[in-house]
Amino acid sequence: MLSKVVIKNFKSYGAFSIDFNPDLNIIVGDNDAGKSTLLEAINLVLTCQLNNRHISNEINPYIFNTNVIAGYLKGIKEKKPTPLPAILIEAYFNDPENCYSSLKGTNNTESIDCPGVYLSIEFDPSFEEEYKSYIEDEDKINTIPIEYYTFKWFSFANNSITYRSIPFNSALIDTSTIKLQNGTDKYIYKIIQDTLEVREKTELALNYRQLKESFAAIPSIQEINTKLNTKKGDITDKSLSISVDISQKNNWDTIITSYLDDVPFDFIGKGEQSSIKMKMALESNNDTSSLVMIEEPENHLSYGNMNRLISSIKDKNEGKQVILTTHSSFVLNKLDISKMVLLNSDKSVITFNDLDNDTKRFFMKLPGYDTLRIILCDKVILVEGPSDELVVQRAYKDLYNKLPIEEGVDIFCVDALSFKRFLDLSIALKKKIYVITDNDGDIEKNIKQKYDGYLNNEFVTISYDPDTNYNTLEPQLIKANIDDTSVLKEILGHPKYSDERLTQYMINNKTDCALKIFEAVQSINMPRYILDAIKK
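The paragraphs below set out a description of the structure included in this document. (Residues numbered from 1 in each chain as written. Predicted model: local features only at pLDDT ≥ 70, side-chain atom pairs only at ≥ 80, totals over all residues. Heavy atoms only, no water.)

1. Thoughts on the overall build of the protein chain
Here is step 1: Helix and strand content of the protein chain: 19 helices and 20 strands.
Here is step 2: Burial status across the protein chain gives 47% buried among its 536 residues.
Here is step 3: Within the protein chain, contacts between residues separated by at least 24 positions form 73% of all contacts whose residues are at least 6 apart in sequence.
Here is step 4: Per element, the accessible surface of the protein chain, about 27000 Å² overall, is 48% carbon and sulfur. (Helix = DSSP H or I, 4+ residues; strand = E, 2+ residues; numbered from the N terminus. Buried < 20%, exposed > 50% of the residue type's maximum accessible area, 1.4 Å probe, protein only. Contact = heavy atoms within 4.5 Å. Areas by Shrake-Rupley, 256 points an atom, 1.4 Å probe, with all protein chains shown as cover.)

2. Some thoughts on the sheet that holds strand 14 (residues 320-325)
Here is step 1: Across the sheet, which stays open at both edges, the six strands sit in the order 10-13-14-3-15-16 with mixed pairing between neighbours. Two strands bound the open sheet, and with one partner strand each, they are strand 10 (169-174) and strand 16 (349-351). Each strand axis lies, on average, 15° off the axis of its neighbour in the sheet, ignoring direction.
Here is step 2: For strand 3 (residues 24-28) and strand 14, the ladder comprises four bridges, and the chain directions are parallel. Following the sheet pairing, Leu24 is matched in strand 14 by Val322. (Pairing = 2+ DSSP bridges. Axes fitted to C-alpha atoms, helices over the stretch in contact; angles between N-to-C directions.)

3. Comments concerning the nonpolar core
Here is step 1: Membership of the largest hydrophobic core comes to 51 residues, with the highest contact counts inside it found for Leu2 and Ile42.
Here is step 2: If one sorts the elements of this core by residue count, helix 1 (residues 35-47) sits on top with seven residues.
Here is step 3: The residues touching Leu2, leaving out its near neighbours within four places in the chain, are Phe20, Ile42, Ala91, Tyr92, Phe93, Phe168, Leu291, Gln321 and Ile323.
Here is step 4: Counting 46 residues, the second largest nonpolar core, distinct from the first, contains Ile26, Leu342, Val435 and Ile447. (Core = buried A, V, L, I, M, F, W, Y, C linked by side-chain atoms within 4.5 Å.)

4. Remarks on the side chain of Ser418
Here is step 1: For Ser418, the position within the fold is in the loop between strand 18 (409-413) and helix 13 (419-429).
Here is step 2: Sequence-distant contacts of Ser418, that is, excluding residues within four places in its chain, are made with Phe362 and Tyr369.

5. What to know about the sheet that holds strand 18
Here is step 1: Overall, parallel pairing links the four strands, which are arranged 18-17-19-20 in an open sheet. Every interior strand has two partners, whereas the edge strands, strand 18 and strand 20 (460-463), have only one. Each strand axis lies, on average, 20° off the axis of its neighbour in the sheet, ignoring direction.
Here is step 2: Across three bridges, the pairing between strand 17 (residues 379-383) and strand 19 (residues 433-436) is parallel. Paired with Leu382 across the bridge in strand 19 is Val435.

Listed below in structure tokens is the structure:
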């Protein structure tokens, strides 16, 4: 299967490499991190196609990295020798049984002796003289001259290859934009081609040609052609007739379409289309190795259908390698969070193969947790309940005049059993995580024992007040405003309450009081342990 991909100067990628699991790979990342481009690059190096067209028809300046183009143009303007940018994509194959020796060699940037293929888009030296003339007037050069470019599709043994040279089938399914062509949907066509045997494909093409030829024998068509032939000399000196084009350019896939319960495929719902394509890709070619790439499988699917699809992905991927991108925490958790690959906007990669097994099982059994929020935010703060979340948000807004989420700070309200799981996840991310917690009147039990193993971790900060006389948030709010609790009493609508009675009122009405504090025009002093956790 595919073990590694190297990308240079393709779209948002400058210099990049990524390793893959042999079975499941779940690519996550923020918008514009390059997830879709990564699948495009893999598909390009394995099929020599981009946007469902041969790469020779798709070479344009916009597939080159903008920074590389800017550097090239700067060199031209400054009259410095500047080589033309080149795109390189390498696919390294895992071949433990040494089955693909014809692709094996060291002709790769890693200098590794292994099987693989590469695709490069580079300057064609045969245009050397034309190019020298082209760059003489640098003021007219605004982008790279793609007219002088060519492509190379070679193995690591430095031999030219074709699609048949790739040792496994691959399919890229983009559910986010279901593009249809005349006739059979392009994904269905690809899967049908991979599923049918050579004899069956030949019979399909032969029968289709015979069907087209029989069109001219229909009596009503013969009458029309007879009438057209009476116009000979008026329109043309040759006999004029109509029939069906039987040339190879109009093959069966341009006319014949797929049906589902007698409904043409492109007339059924988008969710059904997406689900069928993914399931067919997963179930086809069970006797051969396959790579299935899926762009956002959750698109167009209801909760129930998404659940069924995830079960198919888990059950049908034996002998297959699956690489999918997702924005869904449910998909991530349910499939296997340890198979996640985080792609950051700076193109750094974090894998989670070493994630604790208990944490992995926790998220798979309880997939409703929005783990992607933790993964993609800049700073994580965990709190124990909705009242704490509201108060912490208000404290942040008072301090920085913005809600925390506006600055990439995400506050999570999690139950007691979940704290350690989220801490493990954040540690795996090497991301700072802050826990705002009550001491509940017992530091030894509720802090030291509860967070044993985390208190000295560089990525974890447990923020609490050691004063056990103020054991929860409500008395902590009284303590923070002890010099003057009148504003707090006014916000809560009980200006004549004593501090003790106000404390008890807040304990009995936690969320309602926290909401009033969050929405209040006036500001109050916030507990020090909360301010310590939210400071930048």
